Amino acid sequence: MKQRIQWIDVSKGLGIILIILGHVLEECTLRTWISSFHVPLFFVLSGMTCCITQKKSIPKFNVEVKNKFIRLMIPYFVFGGVTYTYWVLIERRFRADLSVSPLKPLLGLFWGSGSDNLTFNAALWFLPCLFVVSCIFVLILNIIKKRKLMICSFVFLALLGIIIGRYSPIRLPWGVDISLFMIIFYAIGYYSYDFISDKIFNTSYNNKIIIGIICLAITGVIGIINKGVAVASVQYGNELLFITTSMSGTLLIVTIAQIIGKNKIIETFGKSSLIIMGIHEPIRRIILKVISVIIKIGVDEIRVNVLYSIIVCLITSIISLIISIIINKIIPWPIGAYKLKRETVDA
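These numbers come from a predicted model, not from an experiment.

## Brief notes about the nonpolar core
Residues W7, F43, F137, F181, M182 and V231 are the most contacted members of the largest nonpolar core, which totals 93 residues. With 13 residues, helix α8 (residues 176-200) is the single largest residue contributor to this core.

Below, the structure is given as structure tokens:
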């Protein structure tokens, strides 16, 4: 059984709630702040998880690709197929999507990147992107043995990702263009886990508060300066500022998670974050429409109101969590819940 670290699950739980809130809100200061770090947070946490599972040895590349495909791509295609069918048969008829040919998002499901291609469930882009990042990372671990050379490789790929993101006229399949940049955050998580779990986790409560305040100040100021961040659309603003807010925001969430300690509800959100990532978008849209009808104001008016948006976020989060628990208990195969093979090479 995969070892679970409490504060990582809490961090993922806080992160997925921020993801949902960011998707509910229209452009505002709060959304700008959330967008400045919420996606890299999950790549850093995934890198930390990778470090935990590979403490003793590095998995063989072909075995890891198979395992990651089961864990990430099977859920991607299952959730994508279900939400696409719902969109075609039901939601498309009630939204301003009738001009969109059903063929484009169907092809987009296999292309796996770009919100225009995944109009039925735009958040799904994250799963193939994480799959690509994980595979490239393990490939480098298998073929390069010196740590300094590994780190140079990750930096090179990140720079390549930035260049492609700026100048490529098309989006690459499965978020490869984003993956090349995001691998730097995955690597940071992988190499920083021991430091964070030792130094940050074991520091005093007062020191954690200070760290949290400093990180909040950094993300608050720099995040607002570096507006227009949208990772799914390959928009990072100033990349150095983006990396700064990504790391300070991630450290903020990790520190808060360690201050919170044991919390079964938030931990459950964290453990269910993959499913919630895959299903919350259509649920969010349904909740927005229902609340709009009940209180008789437009959806756009709800999304520009922070209080209304928080309420929608909470309702969406709770419903998504309940559904994820049901899926995990009754039909776990859509989330790749198989016994995974693990073969290793010498580290």
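## Observations regarding the packing of helix α1 (residues 6-24) against helix α3 (residues 38-53)
Angle between the axes and distance between the axes: these two values describe a pair of packed helices. The contact between α1 and α3 brings their axes to 10 Å, and the two run at 160°. It follows from the interaxial angle that α1 and α3 lie roughly antiparallel. In the crossing of α1 with α3, the sense of the turn from one axis to the other is left-handed. The residues of α3 that touch α1, namely those facing W7, I8, S11, K12, G15, I16, L18 and I19, are H38, L41, F42, L45, M48, T49 and I52. Grouping the amino acids of the contact of α1 with α3 by side-chain chemistry returns 10 nonpolar, four polar and one charged.

## A few points about the side chain of H280
Position of H280 relative to the elements: it lies in helix α12 (residues 273-295). One polar contact links the side chain of H280 to the main-chain carbonyl oxygen of I276, over a distance of 2.9 Å. Setting aside anything within four residues of it in sequence, one finds H280 in contact with I19, I20, H23, A123, T316 and S320.

## Digging into unusual backbone geometry
If you check the backbone angles, W174 has positive phi at about 55° while not being a glycine. Mapped onto the elements of the fold, W174 is located in the loop between α7 (147-167) and α8. Take W174: its relative accessible area is 21%, and that puts it in the partly exposed class. Residue K296 is not a glycine yet carries a positive backbone phi of 60°. Assignment of secondary structure puts K296 in the loop between α12 and α13 (299-304). Given a relative accessible area of 75%, K296 falls into the exposed group.

## Notes on a nonpolar patch on the surface
Nonpolar side chains collect at one region of the surface, where I286, V290, I294, I295, L307, Y308, I311, I315, I319 and I323 lie side by side and expose about 780 Å² of accessible area between them. With six residues, the single largest contributor to the nonpolar patch is helix α14 (residues 306-330). Mapped onto the elements of the fold, I315 is located in helix α14.

## A few points about the environment of F42
Examined against the element boundaries, F42 turns out to sit in helix α3. Among the residues examined, F42 registers a relative accessible area of 5% and is labelled buried. For the pair F42 and T250, spaced 208 residues apart in the sequence, the C-alpha separation amounts to 8.6 Å. Once you skip the residues sitting within four places of it in the chain, F42 turns out to touch K12, G15, I16, I19, F126 and S273.

## What about the confidence of the model for the protein?
Chain-level pLDDT for the protein is 88 on average; 93% of the residues reach the 70-or-more range. Mean pLDDT across the secondary structure elements of the protein bottoms out at strand β2 (residues 344-345), with 40, and peaks at α1, with 95. Between residues 339-347, whose pLDDT stays under 50, and residues either more than four places distant or in other chains, the model counts 25 contacts.

## Thoughts on the environment of L252
Examined against the element boundaries, L252 turns out to sit in helix α10 (residues 239-260). Residues L252 and C50, spaced 202 residues apart in sequence, show a C-alpha to C-alpha distance of 21 Å. The contacts of L252, once residues within four sequence positions are left out, are W33, G212, C215, L216 and T219.

## Notes on the packing of aromatic side chains
Enumeration according to the criterion identifies 21 aromatic pairs in this entry. Summarising the aromatic geometry, the rings of F42 and F126 are spaced 6.1 Å apart at their centres and angled 75° between planes, so their arrangement reads as edge-to-face. Of this pair, F42 sits in helix α3 while F126 sits in helix α6 (residues 126-143), placing them 84 residues apart in sequence. Ring geometry for F185 and F242: centres 5.9 Å apart, planes at 85°, overall edge-to-face. Taken together, the residues F185 in helix α8 and F242 in helix α10 connect sequence positions 57 residues apart. An identical accessibility class is assigned to F185 and F242; each is buried. Through a chain of ring-to-ring contacts, three or more aromatic side chains come together here, namely F137, F154, Y186, Y190 and Y191.

Thresholds, definitions, all that
Residues numbered from 1 in each chain as written. Predicted model: local features only at pLDDT ≥ 70, side-chain atom pairs only at ≥ 80, totals over all residues. Heavy atoms only, no water. Core = buried A, V, L, I, M, F, W, Y, C linked by side-chain atoms within 4.5 Å. Buried < 20%, exposed > 50% of the residue type's maximum accessible area, 1.4 Å probe, protein only. Helix = DSSP H or I, 4+ residues; strand = E, 2+ residues; numbered from the N terminus. Axes fitted to C-alpha atoms, helices over the stretch in contact; angles between N-to-C directions. Parallel < 35°, antiparallel > 145°, perpendicular 65-115°, else oblique. Left-handed = near helix turned anticlockwise from the far one by under 90°. Contact = heavy atoms within 4.5 Å. Nonpolar A, V, L, I, M, F, W, Y, C, P; charged D, E, K, R; others polar. Polar contact = N/O pair within 3.5 Å; in protein donor to acceptor, adjacent residues only side chain to side chain. Patch = residues over 30% accessible without salt bridge, like charges linked within 9 Å, V, L, I, M, F, W, Y side chains within 5 Å. Areas by Shrake-Rupley, 256 points an atom, 1.4 Å probe, with all protein chains shown as cover. Salt bridge = Lys/Arg side-chain N within 4 Å of Asp/Glu carboxyl O. pLDDT = per-residue confidence, 0-100. Phe/Tyr/Trp six-rings, centres within 6.5 Å; stacked < 30°, edge-to-face > 60°.

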